[in-house]
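One-letter residues, chain by chain:
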Amino acid sequence: MLLLAGCAAGGAPESGAAEKTGVVSTPEEEQRVTSSGENTAAPLSQSEGIFDLEKRTVLLNSGYEMPVIGLGTWTLSDDEAENSVYHALKSGMRLIDTARYYGNEVGVGRGLQKAIDEGIVTREEVFITTKIYGGNYERAGGIIDDALKDLNVDYIDLLLIHQPGADDEGVYKAMEEAVGDGKLRSIGISNYYTKEQVDEVLSFATIIPAVIQNENHLYYQNTELQDYVRQYNIVIESWYPFGGRGHTSEHFGNEVITELADKYGKSSAQIILRWQLQAGFIAIPGSSNPDHIAENYNIFDFELTDTEMQRIRSLDRQMRYENW
Ligand SMILES: NC(=O)c1ccc[n+]([C@@H]2O[C@H](COP(=O)([O-])OP(=O)(O)OC[C@H]3O[C@@H](n4cnc5c(N)ncnc54)[C@H](OP(=O)(O)O)[C@@H]3O)[C@@H](O)[C@H]2O)c1
């Protein structure tokens, strides 16, 4: 089943798990490069930005495949992150989201290593995202090396600037150099909500961001940004898919969601995640509960109709919980 990012579409349910991720799909397709500041990139491939719900991946504009559903690790300690990452990989998830700021990259690395040691996954099958916080051109290279060391990996699949900062241009340049050095595969940004903010990054980017990770949920659906960045085959990834800790009941208890949960014999969490994917948003629900993690990945045996997608779309109130 193929879905255009941001479009609800039909297709048959399936059951196969994602196989290889983070792999360049077509060897001859190089990183998308613009002449700096011109934003002139033409699509390399018609399949970029299209969600393939059979493979459970999306082909990024960097040429790498990214799983469309994964585990978020914000607020998890090293020990909790290790346990959650291990169970996520055991459940079939292949995308893990962390950040320097979360202070749990060591735990994430341990969970990954445990799953590798037990033969559950290979490194190549897992897609690790982390985020760089603060810094400038001079410091960013060292921060990237620290992340590699803490995660105990040779490369990071996706590095995001965590939020707009004083020297985005310098940090982004260091990230682009790290792509050239093979330390990073894809790069992107987080907490950039408007066309203007994205245009500023594009004005100095040599490599177009592959992903923008933003707050995005039932009550804050930023389809305007999604529509704008589609021309660059940039994919939007949702943080707080359930509204974040302390707000999940507002989402799980929504009447439209509970009605659909009853209809499909699924939990509210599963309905929300399925909506995120069919709407063309990558989702990274956070959890320290192995049962919840397995549940969050069990969303590939049903499909919301266009009408149901529209009903959920209309829940949008443009209401954010955070202002960073
Ligand atoms: N870039 C950024 O600035 C930014 C900001 C915030 C978050 N993020 C990323 O996005 C991820 C997601 O955000 P989040 O974790 O803060 O919030 P979230 O995913 O919206 O919600 C997490 C909450 O949902 C609960 N939960 C998860 N699965 C559940 C299920 N199946 N049934 C019932 N409850 C369930 C979790 O509790 P249990 O632990 O009990 O399952 C936790 O309380 C983060 O972990 C982080 O990786 C990025």
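Residues numbered from 1 in each chain as written. Predicted model: local features only at pLDDT ≥ 70, side-chain atom pairs only at ≥ 80, totals over all residues. Heavy atoms only, no water.

Trainee: For this particular structure, what's the right way to read the side chain of Glu-215?
Mentor: Inspection of the secondary structure puts Glu-215 in strand β10 (residues 211–215). Classification of Glu-215 as buried rests on a relative accessible area of 0%. Apart from residues no more than four positions distant in its own chain, Glu-215 is found in contact with Tyr-193, Tyr-220, Trp-239, Tyr-240, Met-319, Arg-320, Tyr-321 and Glu-322. (Helix = DSSP H or I, 4+ residues; strand = E, 2+ residues; numbered from the N terminus. Buried < 20%, exposed > 50% of the residue type's maximum accessible area, 1.4 Å probe, protein only. Contact = heavy atoms within 4.5 Å.)

Trainee: What should I look at first to understand the packing of helix α1 (residues 78–91) against helix α2 (residues 105–117) in this one?
Mentor: The angle between the axes and the distance between the axes are what describe a pair of packed helices. As a packed pair, α1 and α2 sit with axes 7 Å apart at the nearest point and diverge in direction by 35°. Crossing angle aside, the handedness with which α1 passes α2 is right-handed. Residues Asp-78, Asp-79, Ala-81, Glu-82, Val-85, Tyr-86 and Leu-89 of α1 form the contact with α2, whose own contacting residues are Glu-105, Val-106, Gly-107, Val-108, Arg-110, Gly-111, Leu-112, Lys-114 and Ala-115. (Axes fitted to C-alpha atoms, helices over the stretch in contact; angles between N-to-C directions. Left-handed = near helix turned anticlockwise from the far one by under 90°.)

Trainee: Got a minute to help me understand the pattern of salt bridges in this structure?
Mentor: For the coordinates displayed, the defined rule picks out 16 salt bridges. For Asp-97, the salt bridge is made with Lys-131, and the minimal N-O distance between the two is 2.7 Å. Taken together, the positions of Asp-97 in strand β6 (residues 95–97) and Lys-131 in strand β7 (residues 127–132) put the pair 34 residues apart, joining distant regions of the chain. Among the charged side chains, a salt-bridge network with shared partners connects Asp-79, Glu-82 and Arg-110. (Salt bridge = Lys/Arg side-chain N within 4 Å of Asp/Glu carboxyl O.)

Trainee: Before we go on, may I ask you to explain the sheet that holds strand β8 (residues 156–161) in this structure?
Mentor: Within a sheet, neighbouring strands are paired by backbone hydrogen bonds and run either parallel or antiparallel to one another. Reading across from one edge, β5-β6-β7-β8-β9-β10-β11-β12 is the order of the eight strands in this open sheet, with parallel pairing throughout. The sheet is open, and its two borders are formed by β5 (71–72) and β12 (281–283), each paired with just one other strand. Direction of pairing for β5 relative to β6: parallel, over a ladder of two bridges. Following the sheet pairing, Leu-71 is matched in β6 by Ile-96. Most of the contacts of helix α4 (residues 168–180) go to strand β9 (residues 184–190), to which it runs at about 160°, and overall it touches β7, β8 and β9. (Pairing = 2+ DSSP bridges.)

Trainee: What is the right way to look at the site of the ligand in this model?
Mentor: Around the ligand, the structure places 30 residues, and the nearest of them are Asp-97, Ser-190, Phe-242, Ser-287 and His-292. Measuring from an oxygen atom of the ligand, one finds a side-chain N or O atom of His-162 at 3.4 Å. Out of a free accessible area of 900 Å², the ligand has 91% covered by protein chains. The set of elements that each furnish at least two residues to the shell around the ligand consists of α7 (248–252) and α10 (290–297). Element by element, the count of residues in the shell around the ligand is highest for α10, at three residues. A per-class count over the shell around the ligand returns 11 nonpolar, 15 polar and four charged. (Near = heavy atom within 4 Å. Polar contact = N/O pair within 3.5 Å; in protein donor to acceptor, adjacent residues only side chain to side chain. Areas by Shrake-Rupley, 256 points an atom, 1.4 Å probe, with all protein chains shown as cover. Nonpolar A, V, L, I, M, F, W, Y, C, P; charged D, E, K, R; others polar.)

Trainee: What exactly am I supposed to notice about the packing of helix α8 (residues 255–264) against helix α11 (residues 306–313) here?
Mentor: Look at α8 against α11: their axes get within 10 Å of each other, and the N-to-C directions meet at 155°. Accordingly, the angle class assigned to the pair α8 and α11 is roughly antiparallel. Judged by the sense of rotation from one axis to the other, the crossing of α8 with α11 is left-handed. Here Val-256, Ile-257, Glu-259, Leu-260, Lys-263 and Tyr-264 of α8 come into contact with α11, specifically with Glu-308, Arg-311 and Ile-312. Of the residues contributing to the contact of α8 with α11, the split by class is five nonpolar, no polar and four charged. (Parallel < 35°, antiparallel > 145°, perpendicular 65-115°, else oblique.)

Trainee: Quick question: what am I supposed to make of the nonpolar core here?
Mentor: In summary, soluble globular proteins display a tendency toward joint burial of nonpolar side chains. By size, the foremost hydrophobic cluster in this structure holds 96 residues, and its most contacted members are Met-175 and Ile-312. Setting aside residues no more than four positions away along its own chain, Ile-312 makes contact with Leu-218, Gln-221, Val-256, Ile-257, Leu-260, Ile-271, Trp-275 and Leu-304. (Core = buried A, V, L, I, M, F, W, Y, C linked by side-chain atoms within 4.5 Å.)

Trainee: I would appreciate a short explanation of the pairing of β8 in the present structure.
Mentor: Two faces, one strand: in a regular strand the side chains alternate between the faces of the sheet. For β8, a buried count of six out of six residues is recorded, marking the element as mostly surrounded by other parts of the structure. The parallel pair β7 and β8, bridged by helix α3 (residues 137–151), forms a crossover whose chirality is right-handed. Where β8 lies against β9, five bridges are found, and the strand directions are parallel. In the strand pairing of β9, Ile-161 is matched with Ile-189. (Right-handed = clockwise from strand over helix to strand, strands pointing away.)

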